[in-house]
Amino acid sequence: MGIQVEFNSDLALRNISEFKAGRRKIEECVPSPLRKEKVYNFLKKGLRNYWLDGELPLVETKGDQKLSRPLASIVILEATHFKQKGEMWTKGKYKIIEVFKDDKIHFENMTILRK
């Protein structure tokens, strides 16, 4: 038996329709609209470790690692692990650095590509 931990190089949240349908909490979903410089809360099931020393992509997930192209560049400001009803969770805050409105490639691995 070990400790199951996931290392994430992006923040993958659900579509806001999941919140509107009552299936997810607002913190589990991509905000609509995304606003540059705004700080949002996030919530993910499981013990997750995020890179805190630079920008990473915000993506939308449909589950089973089906991810969208990056929607925005973010920095994670804080991440905390906690246990609720016998399950491990990760919650935190992230700030939108740039919102992407095109299909261009904005990240090369963990590096943000600037104009």
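You'll find the structure just up there.
Anyway, here's the lowdown on the structure attached to this text.

Quick notes on the rules
Residues numbered from 1 in each chain as written. Predicted model: local features only at pLDDT ≥ 70, side-chain atom pairs only at ≥ 80, totals over all residues. Heavy atoms only, no water. Patch = residues over 30% accessible without salt bridge, like charges linked within 9 Å, V, L, I, M, F, W, Y side chains within 5 Å. Areas by Shrake-Rupley, 256 points an atom, 1.4 Å probe, with all protein chains shown as cover. Salt bridge = Lys/Arg side-chain N within 4 Å of Asp/Glu carboxyl O. Helix = DSSP H or I, 4+ residues; strand = E, 2+ residues; numbered from the N terminus. Pairing = 2+ DSSP bridges. Buried < 20%, exposed > 50% of the residue type's maximum accessible area, 1.4 Å probe, protein only.

Re a nonpolar patch on the surface
Part 1: A contiguous nonpolar surface patch, about 360 Å² in accessible area, is contributed by Ile 3, Val 5 and Phe 7.
Part 2: By the secondary structure assignment, Val 5 is in the segment before β1 (6-8).

Description of the pairing of strand β6 (residues 72-84)
Part 1: By the bridge criterion, three bridges tie strand β5 (residues 56-60) to β6 in an arrangement that is antiparallel. Looking at β6, one finds that Leu 58 is bridged to Ala 72.
Part 2: Both β6 and strand β7 (residues 87-99) contribute to a ladder of twelve bridges, which runs antiparallel. Paired with Ile 76 across the strands is Tyr 94, a residue of β7.
Part 3: Count of turn residues in the β6/β7 antiparallel hairpin: two residues, of which Lys 85 carries a positive phi of about 50°.

Considerations on the pattern of salt bridges
Part 1: On inspection of all chains with the given rule, the structure shows seven salt bridges.
Part 2: Glu 98 serves as the salt-bridge partner of Arg 114, at 2.6 Å between the closest nitrogen and oxygen. On the criterion of sequence distance, the pair formed by Arg 114 in the segment after β9 (111-112) and Glu 98 in strand β7 is long-range, its members being 16 residues apart.
Part 3: What makes Arg 114 partly exposed here is its relative accessible area of 44%.

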